[in-house]
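# Tertiary structure, described
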Amino acid sequence: MGFNIGIIGCGSIARFRHAPEYHDNPYVEEIIFYDRNIERSQQLAEEFGGRVAKKLEDLLSDPTIVAISDCSSNEAHHVHTSKALLSGKHVLCEKPLAISVKQAEEISEAERKSGKKLMVDHNQRFTKTHQKAKEILEKKELGEVLTFKTTFGHQGPESWGVTKSNATWFFKKERSHSGVAGDLGIHKIDLIHYLLDDEIEDVHAFHGALDKVDEHGQPIEVCDNVVCALKTKKGRLGTASFSWTYYGAEDNATTIYCQKGVIKIYHHPDAQLIIEMGDGSVIKYEIEQIQTNDNQTSTGVIDAFIDCIVNNEEPPVTSGEAIASLKVVEKILGSN
Ligand SMILES: NC(=O)c1ccc[n+]([C@@H]2O[C@H](COP(=O)([O-])OP(=O)(O)OC[C@H]3O[C@@H](n4cnc5c(N)ncnc54)[C@H](O)[C@@H]3O)[C@@H](O)[C@H]2O)c1
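The name given to the protein chain in an unreviewed UniProt entry is Gfo/Idh/MocA family protein, with the source organism recorded as Virgibacillus byunsanensis.

The following block contains the structure:
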């Protein structure tokens, strides 16, 4: 059994992750690309094989398309993902699900009405190292989690997005909404929810536009840095920092402090997972480097999305989980 896939938005994430991973998936026959900038869809159709839809409506009414990836910029997810669901397509929507919890809940309502599957691309859950950490935590090998510390930072999205310019939508309030909080922070919020089987409830945060400037040389309208203190429903305490101004290598490190030891994730380039036990013993796991902007290996997200359609199962990242993470982002932004 094979079927066709539609991609809305043919910028960087479509090019480096969605299109190559659909191309390699055995169930996918053809990819149909749509972008309001038609040159971008033509370019991806040439690169990966497939067709171009000239209008969104052509994509949504194409009966050969079973599922759609929404890879448009944040402000457009609300319209694209809702329309795609209500046109009878399963949807994999990029994160953040929407630019407000209210809009995200409306998308979730469209999901309910349509009876179609909606998955959100919180891809950090899928790295082999995070999955190994989850397994260790679930088995309670180190006892209960007490505290945690996480960060996600790189040099900023202006060199990543398809326009390669400081005029990027990532820097605009109306389009990005939440700056680095919704761009990088939401990944680690989702990761903490997933690893700890818990939900962040209380937030104290500082955020600011410390260094990035727009195309006019003015400070950007959204935050480029966040630092926060967090408390979960189960009473765990943690800290997190998210940054577009780590002007060195990308930092993806997380530390989970448990009753009997510490789990260090992505602190060391060769040993992605390190367990330090209270008795002084250390276990080092060499698993796999994380996908970064400069290291684009398969995320496994597309395969998981296709599998949930083929096997008629619940998506591994649900809209409810995506909304829970978005609520934390709103608390961060409302915090100062
Ligand atoms: N999961 C991840 O790790 C990850 C990484 C990067 C980006 N993203 C997310 O992916 C989405 C896209 O980001 P990107 O880096 O590819 O940005 P990008 O700027 O490179 O590409 C966005 C594309 O969407 C198109 N687009 C925007 N609005 C549209 C509309 N109304 N109709 C048709 N096309 C439209 C643009 O023309 C552009 O080609 C964002 O939501 C972003 O947060 C996720």
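Moving on from the model shown.
## Concerning the site of the ligand
Near the ligand there are 27 residues, and of these Asp35, Asn74, Trp160, Val162 and Trp169 occur at the shortest range. Here an oxygen atom of the ligand and a side-chain polar atom of Arg17 are 3.1 Å apart. One of the backbone nitrogen or oxygen atoms of Ser72 is found 3.4 Å away from an oxygen atom of the ligand. For the ligand, whose unbound accessible area comes to 850 Å², protein coverage reaches 92%. Looking at the shell around the ligand, the elements that each hand over two or more residues are helix H1 (12-23) and helix H4 (77-86). Per-element tally for the shell around the ligand: the top contributor is H1, with three residues.

## Here we look at the UniProt feature "domain: Gfo/Idh/MocA-like oxidoreductase N-terminal" (unreviewed entry) in the protein chain
According to UniProt, the feature "domain: Gfo/Idh/MocA-like oxidoreductase N-terminal" (unreviewed entry) maps to residues 3-122 in the numbering used here. Taken as a whole, residues 3-122 contains 43% helix and 23% strand, while its terminal C-alpha atoms sit 24 Å from one another.

## Structural notes on the pairing of strand E2 (residues 28-34)
Among the seven residues of E2, five are classified as buried, and the element is accordingly described as predominantly covered. Following the backbone out of strand E1 (residues 3-8), through H1 and into the adjacent parallel E2, one traces a crossover that is right-handed. Bridge analysis of E2 against strand E3 (residues 51-52) gives two bridges, and the strand direction is parallel. What sits directly across from Phe33, in E3, is Val52. What joins E2 to E3 is helix H2 (residues 38-48), and the crossover it makes is right-handed.

## Some details on the packing of aromatic side chains
For the structure on display, the rule yields three aromatic pairs. Relative to Trp160, the ring of Phe16 has its centre 5.7 Å away and its plane inclined at 40°; by these criteria the two rings are tilted. Of this pair, Phe16 sits in helix H1 while Trp160 sits in the loop between strand E7 (145-153) and helix H7 (173-176), placing them 144 residues apart in sequence. Owing to a relative accessible area of 36%, Phe16 belongs among the partly exposed residues under this scheme. Judged by relative accessible area, Trp160 falls into the buried class, the value being 14%. Plain terms: the ring middles of Phe171 and Trp244 are 5.6 Å apart, the flat faces sit at 50° to each other, and that makes the pair tilted. Of this pair, Phe171 sits in the loop between E7 and H7 while Trp244 sits in the loop between strand E10 (237-243) and strand E11 (254-258), placing them 73 residues apart in sequence. In this structure, Lys134 is placed above the aromatic ring of Tyr194, and the distance from its NZ or CZ to the ring centre is 4.7 Å. Above the face of the Phe152 ring, Lys188 is positioned so that its terminal group lies 5.2 Å from the ring centre.

Rules behind the numbers
Residues numbered from 1 in each chain as written. Predicted model: local features only at pLDDT ≥ 70, side-chain atom pairs only at ≥ 80, totals over all residues. Heavy atoms only, no water. Near = heavy atom within 4 Å. Polar contact = N/O pair within 3.5 Å; in protein donor to acceptor, adjacent residues only side chain to side chain. Areas by Shrake-Rupley, 256 points an atom, 1.4 Å probe, with all protein chains shown as cover. Helix = DSSP H or I, 4+ residues; strand = E, 2+ residues; numbered from the N terminus. UniProt positions renumbered as here; feature names shortened; annotations may be inferred. Buried < 20%, exposed > 50% of the residue type's maximum accessible area, 1.4 Å probe, protein only. Right-handed = clockwise from strand over helix to strand, strands pointing away. Pairing = 2+ DSSP bridges. Phe/Tyr/Trp six-rings, centres within 6.5 Å; stacked < 30°, edge-to-face > 60°. Lys NZ or Arg CZ within 6 Å of the ring centre and 35° of its normal.

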